[in-house]
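Residue strings, one per chain:
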Amino acid sequence: MKIKLIDICKKYGKQEVLKSVSMEFSEGVYGLLGKNGAGKTTLIGILLGIIKANSGEILIDGKPVRSQSKEFLNKIGYLPQYPQFYKEMQVYEFLCYMAALKGLPKKETKNKVEWLIEEVNLTDAKKKKVGALSGGMRQRLGIAQAMLNEPEILILDEPTAGLDPQERIRFRNLISKFAKNRTVILVTHIVSDVEYIANQVIIMDEGDIACQGNIEELENSITGKVWEVTRNKGQDMDDLDFSNVSNLKREGDNTKVRVVSDTLPTKDAIITSVGLEDVFLYYCKGDKE
């Protein structure tokens, strides 16, 4: 399945939230990356039909989505940014309920629910009430409900926000597991969420696409624009523009400072290797001239 968004615009009053955004998705894992307020969730809302665009078009395999909206939505699994659960339901009960809402045949539901509970590592919690689950367990439950209809497209909106590092890694592994033979759109502002699993990355900034490509292409696009500056203990840092600093690391009495800049930031700066966080800073906040 190929999804094509063409010149999608969205305004709230005079505020332009999306500015003629165009992008394509096919099989693979896509990281839709951007700061809070970049327009990511609005774009996904339009794709899902939750929000109406002011202009633009969405094509599914070359056909307008409005002509096949129900069929298209049946192919989607969705985990929203703020999922709402029935807290008094048990895990197993909740998934059976969601399966019924999605129209799964009763004879298939038991095996499907049991399999998903095992896949997301909630077997020991299947009789627990949803309200008693940790944040990470609830997110795993969320991805399980999104997978009930075996979707061709899996959309996950800020799925690791608020999770501890261990749960974030576990969730990324789940995404990789479920990505086979489907389109996965991972919407996030957390660079590490997409760095290890995304085939393609789309970085949005202020309602527009700042850049897109695979990670190697994006990193190559700013080769020679990432610098390292070393400062000794007590040495002045007033000559550094901290809006362009991507990282500070202390090594003994020294501090290593990574600076993203088109030009030499200080006379003692040296060019260093590029990471996806540097790319994110460059296109969304960096010193572009």
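Small disclaimer: the values here were computed from a predicted structure and weren't measured.

S.K.: Could you clarify how one ought to interpret the packing of aromatic side chains in this entry?
M.R.: What describes a pair of aromatic rings is the distance from one ring centre to the other and the angle between the planes of the rings. The final tally for this structure, using the stated rule, is five aromatic pairs. Ring geometry for phenylalanine 25 versus tyrosine 30: centroids 5.0 Å apart, planes at 85°, classification edge-to-face. A residue is classified by how much of its surface remains accessible, and tyrosine 30, at 10% relative accessible area, is buried. With centroids separated by 5.0 Å and ring planes inclined at 90°, the aromatic side chains of tyrosine 282 and tyrosine 283 adopt a geometry described as edge-to-face. In this structure tyrosine 282 comes out as buried when scored by relative accessible area, which is 8%.

S.K.: Would you mind going over the sheet that holds strand S5 (residues 63-64) with me for this structure?
M.R.: Through backbone hydrogen bonds, the strands of a sheet pair up, either in parallel or in antiparallel fashion. Strand order across the open sheet formed by four strands is S2-S1-S4-S5, with antiparallel pairing between neighbours. What marks the edges here is a single partner per strand, and that holds for strand S2 (15-25) and S5. Across two bridges, strand S4 (residues 55-60) lies against S5 in antiparallel orientation. Residue isoleucine 60 lies in a different strand from S5, and its bridge partner there is lysine 63. Helix H1 (residues 40-48) contacts strand S1 (3-12), S2 and S4 of the sheet and is inclined by roughly 115° relative to S1.

S.K.: Explain the state of the cysteines here, please?
M.R.: In protein structure, a disulfide is the covalent linkage between the sulfur atoms of two cysteines. Applying the stated rule across the entire model yields zero disulfides. Free cysteine cysteine 211: the closest other cysteine sulfur is in cysteine 284, separated by 7.1 Å. Residue cysteine 211 is classed as buried on the basis of its relative accessible area, which comes to 11%.

How each quantity is defined
Residues numbered from 1 in each chain as written. Predicted model: local features only at pLDDT ≥ 70, side-chain atom pairs only at ≥ 80, totals over all residues. Heavy atoms only, no water. Phe/Tyr/Trp six-rings, centres within 6.5 Å; stacked < 30°, edge-to-face > 60°. Buried < 20%, exposed > 50% of the residue type's maximum accessible area, 1.4 Å probe, protein only. Pairing = 2+ DSSP bridges. Helix = DSSP H or I, 4+ residues; strand = E, 2+ residues; numbered from the N terminus. Contact = heavy atoms within 4.5 Å. Axes fitted to C-alpha atoms, helices over the stretch in contact; angles between N-to-C directions. Disulfide = S-S within 2.5 Å.

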